[in-house]
Amino acid sequence: MATPLYLLAFESSCDETSVAVIKDGTKILSNIIATQIASHQRFGGVVPEVASRHHIEQITKCTTEALSQAGIGYDDLAGVAVTYGPGLVGSLLIGVTAAKAIAWAHQLPLIPVNHMAGHIYAARYVAAFQYPMMALLVSGGHTELVYMPREHEYQIIGETRDDAVGEAYDKIGRVLGINYPAGKTVDEWAHQGHDTFNFPRAMVKEANLDFSFSGLKSAFINTVHNADQRGEQLNQYDLAASFQAAVVDILAEKTMKALAQYPVKQLVLAGGVAANSGVRARLQADLARLHPQTELLLAPLKLCGDNAAMIGAAGYVNYLHGDRAGWDLNAVPGLSFDRITPLS
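Cut-offs and rules
Counting of residues starts from 1 at the beginning of each chain's written sequence and follows it residue by residue. In keeping with the model being predicted, local features are shown solely for residues with a pLDDT of at least 70 and side-chain atom pairs are shown and tallied solely at 80 or more, while totals for entire chains, interfaces and linings include all residues. Side-chain measures were taken over the full set of non-hydrogen atoms in the model, leaving aside hydrogen atoms and water. Within this scheme a cavity is a closed region of a 1 Å grid, computed over the protein atoms alone, that accommodates a 1.4 Å probe without allowing it to escape, whereas a pocket is open but has protein on both sides within 12 Å along at least five of seven lines; lining residues each have an atom within 4 Å of a point. Grid points are joined across faces, edges and corners, and a volume is the space filled by probe spheres set on the points. Numbered from the N terminus, helices here are DSSP runs of H or I no shorter than four residues, and strands are runs of E no shorter than two. Three classes are used, and their members are as follows: Ala, Val, Leu, Ile, Met, Phe, Trp, Tyr, Cys and Pro are nonpolar, Asp, Glu, Lys and Arg are charged, and the others, Gly among them, are polar. A side-chain nitrogen of Lys or Arg and a carboxyl oxygen of Asp or Glu constitute a salt bridge if their distance falls within 4 Å. Only protein chains enter the area calculation, which uses a 1.4 Å probe; residues under 20% of their type maximum are buried, those over 50% are exposed, and those in between are partly exposed.

Visitor: Quick one: what's the story with the layout of surface pockets, residue by residue and with numbers?
Guide: There is about 1400 Å³ of room inside the largest pocket. Taken together, 45 residues form the lining of the largest pocket, with Ser139, Gly140, Asp170, Tyr180 and Pro181 sitting closest to its centre. Going through the elements one at a time, strand 3 (27–35), helix 4 (115–121), helix 5 (165–175) and helix 6 (183–190) are the ones with two or more residues in the lining of the largest pocket. Looking at which element gives the most residues to the lining of the largest pocket, the answer is helix 5, with six residues. Its volume calculated, the second largest pocket comes out at about 240 Å³. Counting residues per element, the lining of the second largest pocket draws most heavily on strand 5 (residues 110–114), at three residues. Split by residue class, the lining of the second largest pocket holds eight nonpolar, four polar and two charged.

Listed below in structure tokens is the structure:
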């Protein structure tokens, strides 16, 4: 019987402090998450300095709890995986520093992990990956189509040219009077309304695989502000439903176009917006109709947001491929996969 491989994983790219212990890349022994939502709600979004201070307060506690819950000690670990980008530089530095300190003190390999690869590998807890595969990454800061011809290889074939999906949800949420983060509530309201406003679906007819949500966000805000100036009360559920219908149309049509150009065995939906029920349902329906040979892997709802379990899963693959960082590892807030020119 093979000796189990345990990784300690750190995630601190934004406003969640998370530490996990992962066995063989596929079993979560612990996944401790200290959320900061309550601290940021009064500001309507994440304040980087506040986030960094919370990470400092929580990182040691989360590490102790993760090891205790997993029932292992530092001597049992094969390595330490950590998110080093993309994200908020101050937040990233807390996780990187903690990971480096533990790896150095216990003479363990330090494994650098791209945060976006972590989101993809959240779906690895559902089923084994089959290549080639594709991922639709939708979060507060990113909207990307990533093609993976083989394990450990990531190629961006489409991405947003302005706002990310999650960012757009939060911005229109403020207009609707919804506390940060707004995505879950907008999704709930959308199911109680109807698409009556016919907001724009930017770039869906263009041949490229890129996205744009800035125009949709602006159209939404202008519609509400114009109504306010006229003293007109718009139905908040219809507004939410109309916004979400446009988002779903854009994401689904671009993804189906990408699958036509890049036939794959699996499509992974990952990132914070992957928890959106409208997006999930539409992709399931469109895949069954247009690409029945492609399996849809949905990251578990509890792993759609930022967490260290996903970093441990991606870190395991990096470990097997020999990815190691030196003690000079630094935060890279703008870290990105390579962009390639999509097939025509």
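Additional details are given in the paragraphs that follow.
Visitor: Can you break down the pattern of salt bridges residue by residue, with the values?
Guide: Taken as a whole and assessed by the stated rule, the structure comprises 14 salt bridges. The shortest N-O distance in the salt bridge between Asp286 and Arg282 comes to 2.9 Å. Here Arg282 and Asp286 lie together in helix 9 (residues 277–290), a separation of four residues that amounts to about one turn. Within this structure, Asp195, Arg201, Asp249, Arg282, Asp286 and Arg289 form a network of salt bridges that share partners.

Visitor: Residue-level account of unusual backbone geometry, with values.
Guide: The omega torsion across Gly85 and Pro86 is -10 degrees, close enough to zero to call that bond cis. Among the structural elements, Pro86 can be located in the loop between strand 4 (77–85) and helix 3 (89–105). Located in the positive-phi region is Asp24, a residue other than glycine, with phi close to 55 degrees. As for its position among the elements, Asp24 is in the loop between strand 2 (16–23) and strand 3. The exposure class assigned to Asp24 is partly exposed, which follows from its relative accessible area of 27%. Of note, Asn198 is a non-glycine position whose phi angle comes to about 50 degrees, a positive value. Relative to the helices and strands, Asn198 is located in the loop between helix 6 and helix 7 (214–230).

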